[in-house]
Every structure is written in structure tokens, then in C-alpha cells.
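What the coordinates show
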Amino acid sequence: MAAPMFPANAHRHDPYRTFKFQVLIDGKPVAGLRKMGALKKTTEAVEWRTGGDPTHVRKLPGGTKYEPITLEQGLTHDPVFEQWANLVNNIDGDAAMSLVNFRKDIVINVLNLQGTVAISYQIKRAWVSEYQALPEFDAGTTNTVGIQTIKLEHEGWDRDEAVSEPSES
């Protein structure tokens with residue numbers, strides 16, 4: 001017998017869907033958020049062998065790197081992407097960029113179908129490395145939504161273990 005996937009909701013067999021999520025920046029949900037890239041990390045394999053065993057290569061874990069996260073937001077009047085991106089590239093023309101606020105801890109919440117937070121991750125020390133203010137425009141398409149994009153570099157993530165499986169009705 002397989003282990004239960006959802007201990008608090010034994011009747012549930014389906015995993016969480018990917019269309020129910022929210023991203024919190026400065027504690028507030030991002031308006032019009034359409035898509036988020038995956039949380040992914042890679043640990044480099046370091047090959048090693050001893051002089052007495054020249055035919056056998058061993059592998060050890062090396063450094064870990066975290067892939068950037070891309071966020072896509074429908075064009076709205078919410079300036080959160082632009083304001084954050086401007087902190088990094090010194091849009092105000094001062095001699096130095098702001099070292100105070102350009103790195104942020106952000107929260108990614110996976111929601112169940114009832115809209116309750118089921119899984120939560122905190123992304124550590126994220127900053128905007130790429131910002132697309134406007135998409136390509138094409139007057140020949142009427143069924144396209146305008147999208148803003150930011151790419152976030154970060155220093156890893158932690159799952160919020162305080163968020164437990166919510167009871168579903």
C-alpha cells in the first residue's frame with residue numbers, strides 16, 4: 001500500500017495544481033501575476049580518485065547553485081516590478097545604487113483549490129537581474145495579453161515548515 005500523499009485529507013488523491021499560487025513581495029501579493037519559473041538548484045559533481053586506485057573515479061558533492069526565477073505579470077498599474085528593478089540599476093542617476101532595499105526575501109505560496117495556502121517557500125536575498133517593461137506589440141493579434149517580466153537572482157530558498165496541510169471540505 002502506498003504512503004498517503006495528504007495525511008490531513010486522506011480522501012484526496014490528486015496533487016496540487018500549478019495555476020493556484022501567489023507571490024508576495026514586501027508582504028503584499030503581486031497583482032496580475034501570470035506565471036512563475038521553477039525553483040531549481042543544481043549541485044556540481046566533483047570527480048576525485050586516489051593514487052592507489054587509478055581506475056576508479058569517485059564523485060563528491062561540490063558547490064550548489066540556484067537557477068534564476070522568472071516572474072510574469074500582466075500589464076497593470078501595479079509598479080512593484082518596475083520599482084524593484086529600478087533599485088538595482090540606479091534609475092535616479094545617483095552615483096551609487098541603493099544597497100538597502102534591492103535584495104528582498106519573497107514568499108511563494110501554493111494554494112489548494114479552495115484558495116488556502118498549502119505549501120510555502122521563502123526565497124532568500126532575491127534581486128532583479130533582468131526587467132522587461134513592455135512586451136512586443138503586434139496590432140494583428142487581438143487575443144494577446146501584455147506581459148511584464150522580471151528575472152530574479154537569489155541565494156536559495158527554504159520551505160516554511162510552519163505551513164501545514166489545510167483541512168479541505
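The following paragraphs examine the structure supplied in this document.

Reading the values: rules and limits
- Residues numbered from 1 in each chain as written.
- Predicted model: local features only at pLDDT ≥ 70, side-chain atom pairs only at ≥ 80, totals over all residues.
- Heavy atoms only, no water.
- Helix = DSSP H or I, 4+ residues; strand = E, 2+ residues; numbered from the N terminus.
- Areas by Shrake-Rupley, 256 points an atom, 1.4 Å probe, with all protein chains shown as cover.
- Salt bridge = Lys/Arg side-chain N within 4 Å of Asp/Glu carboxyl O.
- Buried < 20%, exposed > 50% of the residue type's maximum accessible area, 1.4 Å probe, protein only.
- Core = buried A, V, L, I, M, F, W, Y, C linked by side-chain atoms within 4.5 Å.
- Contact = heavy atoms within 4.5 Å.

**A short note on the overall build of the chain**
What the chain contains, in helices and strands, is one helix and ten strands. Listed by position from the N terminus, the elements making up the chain come as β-β-β-β-β-β-α-β-β-β-β. Of the accessible surface of the chain, which amounts to about 11,500 Å², a share of 51% is contributed by carbon and sulfur atoms.

**Notes on the pattern of salt bridges**
Proximity of charged atoms lets side chains of opposite charge pair with each other. Applying the stated criterion across every chain, the model contains seven salt bridges. Two residues, Glu-155 and Arg-103, come together in a salt bridge whose shortest N-O distance is 3.1 Å. Taken together, the residues span a long stretch of sequence, with Glu-155 in the loop between strand E9 (147–153) and strand E10 (157–159) and Arg-103 in the loop between helix H1 (80–89) and strand E7 (104–111) at a distance of 52 residues. Take Glu-155: its relative accessible area is 40%, and that puts it in the partly exposed class. By relative accessible area, Arg-103 is classed as partly exposed at 30%. Linked through salt bridges whose partners overlap, the residues forming this network are Arg-103, Arg-125 and Glu-155.

**Comments concerning the nonpolar core**
Counting 17 residues, the largest nonpolar core has Ile-25, Trp-84, Ile-106 and Leu-152 as the members making the most contacts within it. Elements that contribute at least two residues to this core include exactly strand E1 (21–25), strand E6 (69–74), H1, E7, strand E8 (117–132) and E9. Tallying contributions element by element places H1 first for this core, with four residues. In contact with Ile-25, other than residues within four places in its own chain, are Val-30, Val-80, Phe-81, Trp-84, Lys-104 and Ile-106.

**Thoughts on unusual backbone geometry**
Generally, phi is negative for residues other than glycine and the peptide bonds are trans, each holding for most cases. Despite not being glycine, Asp-26 has its phi angle at roughly 55°, a positive value. For Arg-125, which is not glycine, the phi torsion reads 50° and is therefore positive.

**A closer look at the environment of Ile-25**
One can find Ile-25 in strand E1. Separated by 79 residues in sequence, Ile-25 and Lys-104 place their C-alpha atoms 7.6 Å apart.

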